[in-house]
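Commentary on secondary and tertiary structure
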Amino acid sequence: MTTAPWRDRALPAAARVDDLLSRMTLEERTAQLYGVWVGAATDGEGVAPHQHDMTADRAADFDELITRGLGQLTRSFGTAPVDPALGARALARAQRRIAEAGRFGIPAVAHEECLAGFTAWRATAYPVPLAWGAAFDPPLVEEMARAIGRDLRAVGVHQGLAPVLDVVRDPRWGRVEETIGEDPYLVGTVGAAYVRGLESAGIVATLKHFAGYASSAGARNLAPVRAGTREFADVTLPPFEMALREGGARSVMAAYTERDGIPASADPELLTHLLRDEWGFTGTVVSDYFGIGFLQTLHRVTGTPAETARLALEAGIDVELPTVKHYGEALVAAVRAGEVPEELVDRAARRVLLQKCELGLLDEDWQPQTPESVDLDPAANRALARRLAEESVVLLDNPDCLLPLAPDTRIAVVGPRAADALAMLGCYSFPSHVLPHHPEVDLGIGIPTLLESLRAELPDAKVTFTEGCGVSDPDPSGFTEAITRASEADVCVAVLGDRAGLFGRGTSGEGCDVADLNLPGVQGALLDALVATGVPVVLVLLTGRPYALGRWHGRLGAVVQAFFPGEEGGPAVTGVLSGRVNPSGRLPVSVPRVPGGQPWTYLQPPLGLAGQVSSLDPTPLYPFGHGRSYTSFAWEDFSAGADPEIGTDGSYDVSVTVRNTGERAGAEVVQLYLHDPVASVTRPDVRLIGYRRLELEAGESARVTFRFHADLSAFTDRSGRRVVEPGALELRLGASSTDVREVARLRLTGAVREVGAGRRLHCETDVLRN
């Protein structure tokens, strides 16, 4: 029997797909362009925007639908709690049904969320992306992503909807917890590391949300994006470019939002001209959940399903997720009526099938995985989650060295986040994302609370506890007991923060945007009452965003910030409190002094900084990159290139030796910032262009060299070109964006140089240990 060319693995993928497409009917080609979401909730309590609206009229019969084939299966594990091994076997059965029902025997691509771990019951819940940013450790993030990818592959999943590469522009936005930080270089380098890890495990990484989503007006989810052309080019886009070029991502998700009247899902300049023609992307573009339908229902730029399908296909969206609504029968009818060019269907189907070919789904001997047993939270995963959690905890302040806590002290633990396991998790963890709809089901994984962890960490301490108040309710009736417990103790540990949720069901998370950066509910008043007792107070924050802390500056014994640190977050944070862990996290977002005056991030031109022209001072209480340690570091022997003049295509090295001068091991994060004194358009006063985390034993030193290239000074000029301009520059080495230790002044010479997709995107570093 002769094998059809499209089954022949010896042929190039393009030739196989061309042969397959020539054999497929229009219905079979369009079937590759959508997903099916079995079990999606229709009761208004879903996990995607307007889920109840978009699924209420769902009438597609699965058995009839799959006779034409199927592009994607949506969240077989992430929709309801299912035992991992049983879920893997159920997915395998579904894949066999799909393959057997169609003429060509092609299974679907199975996709899942994996923002902070595989969003599945009993799977490891890692720290959220904002905590990855706080760790300043891309290799560790890559290792975590590889572990997540292995778990996804073990149960038959092919595609992961992560990472989020949105750069924080307003910390009131609910999805700040899902971002890596407020700096595009940090987001790009850490995000690219996550992509490399996921892709190395054979999982298609999907970059979210392309592009501009985090710049929504007023920090309101899905609100119009107000970013200008240069902000969009220089802040929003670079992390995506880096994750594609240096991470190798094979999929991109179009954002819900619109910029200057054009929804991202209907923007061919973004999804085709920039992404494919300029950047050379060859993978698949998928819609955000129901994002195609929103062109008609929310954006109102189309009037019919056929118009909607045409606009999305023309823009460059290849796959409709999470379920079929526009790329199915409506699209087939529109093509046959001449309303949608058939070549648009072929273009998208070719991209989808090329990816399926890469994944082995067109091979004749393809078989689904049917594991007998699956452990999605093994000891190795938990150890990895613990390492990342420990590295991400930021010691904001410790003015009187109250920390580490004495092992036999009397501790009053107070606060609504101390005894709740969910205080450790973000909104895309399975327990926070899905289990609220299944209250009868246990968490599926062990998540020690901070209270449990502290008692285990300091067994000789006398620890009492009272909640004091809820996370967001206005009831202060618990203050009296909280004051009593604190007054009886040597130190009070106030554990405050967020409850992750969706669409207003939490204080942080998708659709949980806030008007200001006051602590939720009456937690601020509770902290006031605890400070008033005169007992030293250690503030521990378990949050998904930064909150304004200027009200308590100088009145607290210590301040510890953890951004939803995952299932091992309790031991990680209490390890910092006890001193077992030397804190090494650095802020990926600024911590404001006052709750108003937002939006603000550190990427400000001169008039965005404090000055005499306004009575409002936006200077943060703790700046981007800030973090303290229990040891001390000396920065020595700074050196820079011998010639302070280089061409606009030249390189320049700066080096410094960092010595641990304390009595215990610790980590310093050396950060390189660029200051451009004069440019043709206004520029941020400083911006991060390099960093290196150094782990040093007591007395150990290491010399780090940053290899600056002029490309790193590039920006978008008045004409929209990305250029390197001649002129003076400063390279500032610092322990934060404001704590500058050394400065190298140089001058770029020559003509203005336009740079494109081949420019240097990151600063290479070398480390020599002494």
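In what follows, the structure referred to is the one given above.
Attention shifts here to the side chain of Arg687. Within the secondary structure, Arg687 sits in strand β20 (residues 687-696). There is no salt bridge for the buried Arg687, and the closest opposite charge comes from Asp676, which lies 6.9 Å off by N-O distance. In terms of polar contacts, Arg687 uses its side chain to reach the backbone carbonyl oxygen of Leu712, at 2.7 Å. Those residues in contact with Arg687 that lie beyond four places of it in its chain are Tyr602, Leu603, Leu672, Tyr673, Leu674, Leu712, Ser713 and Ala714.

Let us look at the sheet that holds strand β19 (residues 666-675). What the five strands build is an open sheet, ordered β17-β25-β24-β19-β20; its pairing is mixed. Every interior strand has two partners, whereas the edge strands, β17 (645-647) and β20, have only one. Going across the sheet, the axis of each strand differs from the next one's by a mean of 25 degrees, ignoring polarity. Sheet analysis places β17 next to strand β25 (residues 740-749), joined by three bridges and oriented parallel. Of the residues in β25, the one forming a bridge with Glu645 is Arg747.

Time to look at the sheet that holds strand β18 (residues 651-660). The strand order β16-β18-β21-β27 describes an open sheet built from four strands, whose pairing is antiparallel. Looking at the sheet topology across the chains shown, the edges are occupied by β16 (633-640) and β27 (764-769). On average, adjacent strands in this sheet sit at an angle of 20 degrees to one another, irrespective of strand direction. Where strand β21 (residues 701-709) lies against β27, six bridges are found, and the strand directions are antiparallel. Note that in β27 the partner of Thr705 across the bridge is Asp766.

Rules of the game
- Residues numbered from 1 in each chain as written.
- Predicted model: local features only at pLDDT ≥ 70, side-chain atom pairs only at ≥ 80, totals over all residues.
- Heavy atoms only, no water.
- Helix = DSSP H or I, 4+ residues; strand = E, 2+ residues; numbered from the N terminus.
- Buried < 20%, exposed > 50% of the residue type's maximum accessible area, 1.4 Å probe, protein only.
- Lys, Arg positive; Asp, Glu negative; His and termini not counted.
- Salt bridge = Lys/Arg side-chain N within 4 Å of Asp/Glu carboxyl O.
- Polar contact = N/O pair within 3.5 Å; in protein donor to acceptor, adjacent residues only side chain to side chain.
- Contact = heavy atoms within 4.5 Å.
- Pairing = 2+ DSSP bridges.
- Axes fitted to C-alpha atoms, helices over the stretch in contact; angles between N-to-C directions.

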